[in-house]
Amino acid sequence: MRAFLFAAATSLLLLCPLTSSMATPVEAETNAAHTLTVTTDSSAATTMASAAFKLQDATVLTVDEEEEEEAVVEIIEATPAPDSASNAFVLICAILVITMSVPGVALFYGGLVRAKNVLSILEQCLVVFSVCMLIWVVIGYTWAFSGASMEQSGLSLFVGNLDRLFLQGITPDTLSGSLSELNFVVFQGAFCAISACLIVGATAERVRFGALVLAIVLWAIFSYVPLAHMVWGQGFIEQEFAAYDFAGGTVVHINAAVAAIIAAKLLGPRTDLHRVAMPPHSLPLTYLGCGLLWIGWFGFNAGSELAPDGVSALAFANTVFAPAAAALAWAVLERCLNGKTSSLGSASGVLAGLVAITPACAFVGPVGAIVIGAIAGGVCLWGVRGFKRLTGVDDSLDVFGIHGLGAIVGALLTGIFCDPSLGGMGFKGDHDGMLSQFLGQLGSVIVAIVWSGVVSVIVFTVAGKLCKSLRVSRDDERAGLDLTFHGERGYNN
């Protein structure tokens, strides 16, 4: 028996290289496994080695043999090892989330603009996605997730530390429990990137390319990353409101939508708006983008559990039910208002349902998800019609009308339908009832709106000053951004 245990311990020692720089713990009993616990393997390996060699040489044993063998068994069992299933699951989900940005959002938006601007939308989405992934490597990840603790106070309630700057200390062997930390980095970076891509829709057909990229760089650093820390890094929102946000209702959608409508307001309306018809140039592209977004959203929502288990199954199922209900609600209301249903309306309804169920997908039952989706479909239909007229802001592709209002509806209704009496999974933290949880959800929504609003005004104003202007000239706008900024045409026939 001793020989077997010695061989097992020594084999595991060889598989656990000693490292001098390990991660600080990042632990969260929060909205999902959006946070992770980084484990240190050097001390475990050293202890295991010592125990193993003691077993080899029985003459140096100072404790009872059975107790020694039990201690070695405990050390072996406690040594972290990668879980192949969870790592494969997160890898696939990360690919799905990346697909949501490029090509999902790019095609959805690209089909909605006029033909002379389609390439500008595709290029903006690709460049914004790329720059945000690099920002995530440099400072985004460490500020969002390093140093997470319920003991945080002061500045650490809003941003993490710099322990992971440029991903220092992360190697292929660095684990969080049984999950590779590199997988987690890429998965979360894709969330940051798609958030930034959403903003592109509000500024379409008139924004200066360089100014947009600069503004989004600053927004990602000072708005997205702090909100991610406040919600998923045990920061201010988590500690003060104990609000549910499984996959990014506040962090992604409200955050991006507020930035989008502010950017649209600062830019002003498109030239010739309401004087010249501006129909979508290719609804089939938009329909294809919608399909890719729905498929990718399974990685977005179910993947936020970071493991293929019952919670991810619930999130997966609700990501089917809610958008289906929203699409039907939108179609029925559109029929009542216009006498017809439209492909664009149904696709927009799908998107509204996906947005609304994002914060709630792991905390409500299937019936709750259907109700949330149906309500979101109706509210977002009003958003792209009534709200847009009410504000007078030319949010070109209705980013706030769908992502902003849809996420607000979803976040607030999470506080209602998480009630076990309505089929939900229960209340969070110290919340003892529906009203308390609803108020917590409301508090998180208000903080997200205010934070993103203030940061967005500053960064888009600064970008406009540094680039001389946020928007292109009137002549360039009328000629189309494909030619004036990229020297290409989307279509040559």
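Note: the structure precedes this text.
Given the structure is predicted, the values throughout are model-derived calculations rather than measurements. (Residues numbered from 1 in each chain as written. Predicted model: local features only at pLDDT ≥ 70, side-chain atom pairs only at ≥ 80, totals over all residues. Heavy atoms only, no water.)

## Here we look at a nonpolar patch on the surface
Together, Leu 435, Leu 439, Leu 442, Ile 446, Val 450, Val 454, Ile 458, Val 462 and Leu 466 make up a nonpolar patch on the protein surface, roughly 810 Å² of accessible area in all. With respect to the element layout, Val 450 can be found in helix H15 (residues 434-466). (Patch = residues over 30% accessible without salt bridge, like charges linked within 9 Å, V, L, I, M, F, W, Y side chains within 5 Å. Areas by Shrake-Rupley, 256 points an atom, 1.4 Å probe, with all protein chains shown as cover. Salt bridge = Lys/Arg side-chain N within 4 Å of Asp/Glu carboxyl O. Helix = DSSP H or I, 4+ residues; strand = E, 2+ residues; numbered from the N terminus.)

## Considerations on helix H11 (residues 310-338)
With 29 residues, H11 extends 42 Å from end C-alpha to end C-alpha; this agrees with the ideal 42 Å at 1.5 Å per step. Between the side-chain oxygen at the start of H11 and the backbone nitrogen of Val 311 there is a gap of 3.1 Å, and the oxygen is on Asp 309. (Expected span 1.5 Å × (residues − 1). Polar contact = N/O pair within 3.5 Å; in protein donor to acceptor, adjacent residues only side chain to side chain.)

## Examining the pattern of salt bridges
In total, this model carries ten salt bridges according to the counting rule given. Here Arg 164 ties to Glu 181 by a salt bridge, and the two come within 3.0 Å at their closest N and O atoms. Taken as a pair, Arg 164 in the loop between helix H5 (118-145) and strand S1 (175-176) and Glu 181 in helix H6 (residues 181-199) lie far apart in primary sequence, 17 residues in all. A residue is classified by how much of its surface remains accessible, and Arg 164, at 4% relative accessible area, is buried. Residues Arg 270 and Glu 205 are paired through a salt bridge, measuring 3.0 Å at the closest nitrogen-oxygen approach. With a gap of 65 residues between them, Arg 270 in the loop between helix H9 (249-267) and helix H10 (283-301) and Glu 205 in the loop between H6 and helix H7 (209-232) connect regions that are remote in the sequence. (Buried < 20%, exposed > 50% of the residue type's maximum accessible area, 1.4 Å probe, protein only.)

## Some words on the layout of surface pockets
Of the voids in this model, the largest pocket is the one considered here, and its volume is about 850 Å³. Lining the largest pocket are 33 residues, with Arg 270, Val 384, Lys 388, Ser 396 and Asp 398 positioned closest to its centre. Ranked by residues supplied to the lining of the largest pocket, first place goes to helix H13 (residues 366-391) with five residues. (1 Å grid on protein atoms, 1.4 Å probe; cavity = no way out; pocket = protein on both sides within 12 Å on 5 of 7 lines; lining within 4 Å. Points joined across faces, edges and corners; volume = space filled by probe spheres on them.)

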